[in-house]
Amino acid sequence: MFVTGVPGLFDRERRALAETAAAHEETLAALASSLDLREHETSLHSRRVREYTLLLAERLGIKGEAALANIGTGALLHDVGKIGVPDSILLKKGVPTEEEWERIRLHPELGASLIGPIRFLEGAREIVLAHHEKFDGTGYPRGLAGESIPLGARIFAVVDVFDALTTDRPYKAALSYRSAADYLASGRGTRFDPAVVDAFLKIPYRDLAETAARNGVVLVSP
């Protein structure tokens, strides 16, 4: 038996879900942009690393809209915990003191705590919490090693360093793609998951350069 009005109800529910998803996306983009603006030298950093991360995740065979959305959102919000770091430390031009480094190193836990109660960000939380872990266990905040580090965080760790190396900062000029690639290769098995590094290095330079250009950076040629 056909129930009158059901197709229209389904259409309204689909529209409502699409509008909710769009509102979530706009809110996340605004939050990430506000963090990038606070650290002027990293403008558009969050957007670049999100695109790089999704490019690499797909190279590694990660499929599914939900899985990719979680990884992309985690990359976008990785530094949200820096909201809790004072400007006097976060924007300091000189080398931070050890006490200041201790405050900075709290930002993964602060970020995870901040977004923890938000249900639709549950899948992104593991990247926010674990993005400074290292494959050999010498990272922070929990000293995780190997595959105990969530895959999304292992992917993001490679991307985050690549972007830091290939963009201008007050204390250094951007490195070329080749110099950055050599640095990533040197960290296989210590700082980075070897399989993730290998997959990243197989991404064509053109694809990375186009991603960088869309988000405010000219990637120096090999």
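In this text, all values refer to a predicted model and were calculated from it rather than measured experimentally.

Parameters at a glance
Residues numbered from 1 in each chain as written. Predicted model: local features only at pLDDT ≥ 70, side-chain atom pairs only at ≥ 80, totals over all residues. Heavy atoms only, no water. Buried < 20%, exposed > 50% of the residue type's maximum accessible area, 1.4 Å probe, protein only. Helix = DSSP H or I, 4+ residues; strand = E, 2+ residues; numbered from the N terminus. Arc of directions from axis to C-beta. Contact = heavy atoms within 4.5 Å. Polar contact = N/O pair within 3.5 Å; in protein donor to acceptor, adjacent residues only side chain to side chain. Axes fitted to C-alpha atoms, helices over the stretch in contact; angles between N-to-C directions. Parallel < 35°, antiparallel > 145°, perpendicular 65-115°, else oblique. Left-handed = near helix turned anticlockwise from the far one by under 90°. Nonpolar A, V, L, I, M, F, W, Y, C, P; charged D, E, K, R; others polar. Core = buried A, V, L, I, M, F, W, Y, C linked by side-chain atoms within 4.5 Å.

## Considering helix H9 (residues 177–186)
- All of the buried residues in H9 are Tyr177, Ala180, Ala181 and Leu184. All buried residues of H9 project into a common sector of 100° when viewed along the axis, lining one side.
- Looking at the buried residues of H9, the elements they touch are helix H8 (151–165), helix H10 (194–201) and helix H11 (205–214).

## A short note on H10
- Those residues of H10 lying buried are Val196, Val197, Ala199 and Phe200. All buried residues of H10 lie within an arc of 165° about the axis, which places them on one face of the element.
- Residues of H10 that are buried make contact with helix H2 (45–59), H8, H9 and H11.
- For H10, the side-chain oxygen to backbone nitrogen distance between the N-cap and Ala195 is 2.9 Å, and the N-cap itself is Asp193.

## Concerning the packing of H2 against H8
- It is the contact of H2 with H8, at a shortest axis distance of 9 Å, that shows an interaxial angle of 135°. One way to sum up the angle between H2 and H8 is to call them oblique. H8 is crossed by H2, and the crossing has right-handed handedness. In this structure, H2 contributes His45, Arg48, Val49, Tyr52, Thr53, Leu56 and Ala57 to the contact, and H8 contributes Ile155, Phe156, Val159, Asp160, Phe162 and Asp163.
- A class-by-class count of the residues in the contact of H2 with H8 yields eight nonpolar, two polar and three charged.

## Observations regarding the side chain of Thr211
- Topologically, Thr211 is positioned in helix H11.
- Discounting chain neighbours no more than four positions away, the residues touching Thr211 are Arg48, Glu51, Tyr52 and Leu55.

## Points about the nonpolar core
- One finds Leu56, Val158, Phe162, Leu184, Phe192, Phe200 and Leu208 to be the most contacted residues of the largest nonpolar core, which totals 32 residues.
- If you list the elements that add at least two residues to this core, you get H2, helix H3 (65–76), H8, H9, H10 and H11.
- The contacts of Leu208, once residues within four sequence positions are left out, are Tyr52, Leu55, Phe162, Tyr177, Phe200, Ile203 and Leu219.
- Formed by seven residues, the second largest nonpolar core is a distinct cluster that contains Leu28, Leu76, Ile115 and Val128.

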